[in-house]
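# Survey of secondary and tertiary structure
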Amino acid sequence: MARSVPHPHVVVHPPALDGSRRVTADDRPLGVASHLDDVVVILRLADLDRIEVEEEELIEWQGGGPEDWPGLSEHDA
């Protein structure tokens, strides 16, 4: 019988003054994201690409959800 592998506690931290957000897994820094796509890349590089970034049960979004990037203008989207 296959055992379920628990995924790490992934946190996208509140936006910094420039709008970027730190990403950690089990308190281990993974990177800094400036956009939702950056979170996807950071998780892929950490071999966590099986996690759906917009699923709030799997990722703790602090200071706003996956659509909240205060440093991002409409022209950058």
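Look a little higher up for the structure.
My aim in this report is to walk through the structure given alongside it, one point at a time. (Residues numbered from 1 in each chain as written. Predicted model: local features only at pLDDT ≥ 70, side-chain atom pairs only at ≥ 80, totals over all residues. Heavy atoms only, no water.)

Bringing the environment of Val 23 into the picture now. Here Val 23 shows up in strand β2 (residues 21–25). Overall, the relative accessible area of 1% leaves Val 23 in the buried class. Expressed as a C-alpha distance, the spacing of Val 23 and Asp 38, which sit 15 residues apart in the sequence, is 9.8 Å. When neighbours within four sequence positions are excluded, Val 23 is seen to be in contact with Val 10, Val 11, Val 12, His 13, Arg 28, Pro 29, Leu 30, Gly 31, Ala 33, Val 39 and Ile 42. (Helix = DSSP H or I, 4+ residues; strand = E, 2+ residues; numbered from the N terminus. Buried < 20%, exposed > 50% of the residue type's maximum accessible area, 1.4 Å probe, protein only. Contact = heavy atoms within 4.5 Å.)

The next point concerns the sheet that holds strand β4 (residues 59–61). One open sheet holds the four strands; their spatial order is β3-β2-β1-β4, and the pairing between them is mixed. Bordering the open sheet on either side are β3 (28–33) and β4, each of which pairs with just one other strand. Mean inter-strand twist for the sheet, computed between neighbouring axes without regard to direction, equals 20°. Strand direction decides the pairing type here: strand β1 (residues 10–12) and β2, joined by three bridges, are antiparallel. Bridge pairing links Val 10 to Ala 25 in β2. Where helix α1 (residues 36–45) meets the sheet, its contacts fall on β1, β2, β3 and β4, and the angle it forms with β3 comes to roughly 145°. (Pairing = 2+ DSSP bridges. Axes fitted to C-alpha atoms, helices over the stretch in contact; angles between N-to-C directions.)

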